[in-house]
Amino acid sequence: EQGAEDLAHVDRLLRTYPHLMIDFSARIAELGRQPRAAAALFRAHASQILFGTDFPYLTIGQNLDGLRKLGLSPAQMSAITRDNGVRLIPRLQG
């Protein structure tokens, strides 16, 4: 079965459908199980990933800590945590 935990499958979907966006809410634990694959996925597709939380089960800080562990560049972090959301919903800018 191919699901969100299959990062190779997610990578194929993002490459095939360049306008597809994903968020990683409720998936931060899975990223920790595959840190190199997750980091590669997030680096390759930073423009297609939205910051998501699993609140109230994890705090925003816990989700950000998981994201920071991927070692992304400041530009990639900004894209994921802010810029992509603003691009989709321009009224968020403000």
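Residues numbered from 1 in each chain as written. Predicted model: local features only at pLDDT ≥ 70, side-chain atom pairs only at ≥ 80, totals over all residues. Heavy atoms only, no water.

Any chance you could explain the pattern of salt bridges here in plain terms?
Opposite charge on two side chains permits them to pair, given that their charged atoms come into close proximity. Going through the model one piece at a time under the given rule, you end up with three salt bridges. A salt bridge links Asp11 to Arg15, with the shortest nitrogen-to-oxygen separation between them at 3.0 Å. In this pair, Asp11 and Arg15 are both assigned in helix 1 (residues 7-16), four residues apart and thus about one turn of the helix distant. Given the relative accessible area of 19%, Asp11 is considered buried. Note that Arg68 is salt-bridged to Asp65, the shortest N-O span being 3.0 Å. Of this pair, Arg68 and Asp65 both sit in helix 4 (residues 60-68), three residues apart, which is roughly one turn of that helix. The class of Arg68 is partly exposed, set by a relative accessible area of 49%. (Salt bridge = Lys/Arg side-chain N within 4 Å of Asp/Glu carboxyl O. Helix = DSSP H or I, 4+ residues; strand = E, 2+ residues; numbered from the N terminus. Buried < 20%, exposed > 50% of the residue type's maximum accessible area, 1.4 Å probe, protein only.)

I would appreciate a short explanation of the confidence of the model for the protein in the present structure.
If pLDDT is low for a region, its predicted coordinates should not be looked at in detail. Residue-level pLDDT values for the protein average 88, and 93% of them are 70 or greater. Mean pLDDT across the secondary structure elements of the protein bottoms out at helix 2 (residues 28-33), with 70, and peaks at helix 5 (residues 74-88), with 96. (pLDDT = per-residue confidence, 0-100.)

How should a nonpolar patch on the surface be read in this particular structure?
A surface patch of nonpolar side chains, about 250 Å² in accessible area, is lined by Leu13, Tyr17 and Leu20. Looking at the element boundaries, Leu13 is found in helix 1. For Leu13, a relative accessible area of 30% translates into the label partly exposed. (Patch = residues over 30% accessible without salt bridge, like charges linked within 9 Å, V, L, I, M, F, W, Y side chains within 5 Å. Areas by Shrake-Rupley, 256 points an atom, 1.4 Å probe, with all protein chains shown as cover.)

Before we go on, may I ask you to explain the nonpolar core in this structure?
The nonpolar side chains of a soluble globular protein tend to be buried, and buried together. If you look at the biggest cluster of nonpolar residues, it comprises 16 residues, and the most contacted ones within it are Phe24, Leu41, Phe42, Leu67, Leu70, Leu72 and Ile80. Residue assignment for this core shows that the elements contributing at least two residues are helix 1, helix 3 (35-44) and helix 5. Among the elements that take part in this core, helix 3 stands out by supplying four residues, more than any other. (Core = buried A, V, L, I, M, F, W, Y, C linked by side-chain atoms within 4.5 Å.)

I would appreciate a short explanation of helix 1 in the present structure.
Note: α-helices contain 3.6 residues per turn, so residues at a spacing of three or four share the same orientation. Within the sequence span of helix 1, burial applies to Leu7, His9, Val10, Asp11 and Leu14. Next to the buried residues of helix 1 lie strand 1 (22-23) and helix 3. (Contact = heavy atoms within 4.5 Å.)

Teacher, can you tell me more about the packing of helix 1 against helix 3 here?
If you want to describe how two helices pack, look at the angle between their axes and the distance between the axes. Running from amino to carboxyl end, helix 1 crosses helix 3 at an angle of 10 degrees, the nearest separation of the two axes being 10 Å. Relative to helix 3, the element helix 1 lies roughly parallel. Touching Leu7, Val10, Asp11, Leu14 and Arg15 of helix 1 are Ala37, Ala38, Leu41 and Ala44, all from helix 3. The residue inventory of the contact of helix 1 with helix 3, partitioned by class, reads seven nonpolar, no polar and two charged. (Axes fitted to C-alpha atoms, helices over the stretch in contact; angles between N-to-C directions. Parallel < 35°, antiparallel > 145°, perpendicular 65-115°, else oblique. Nonpolar A, V, L, I, M, F, W, Y, C, P; charged D, E, K, R; others polar.)

For this particular structure, what's the right way to read the packing of aromatic side chains?
Between two aromatic rings, the relevant description is the distance of the centres plus the angle of the planes. All told, the structure shown has two aromatic pairs when counted by the stated rule. Judged by centre distance (5.7 Å) and plane angle (75 degrees), the ring pair of Phe24 and Phe51 falls under edge-to-face. With a gap of 27 residues between them, Phe24 in the loop between strand 1 and helix 2 and Phe51 in the loop between strand 2 (49-50) and helix 4 connect regions that are remote in the sequence. Three or more aromatic residues link up through ring pairs in this structure, and these residues are Phe24, Phe42 and Phe51. (Phe/Tyr/Trp six-rings, centres within 6.5 Å; stacked < 30°, edge-to-face > 60°.)

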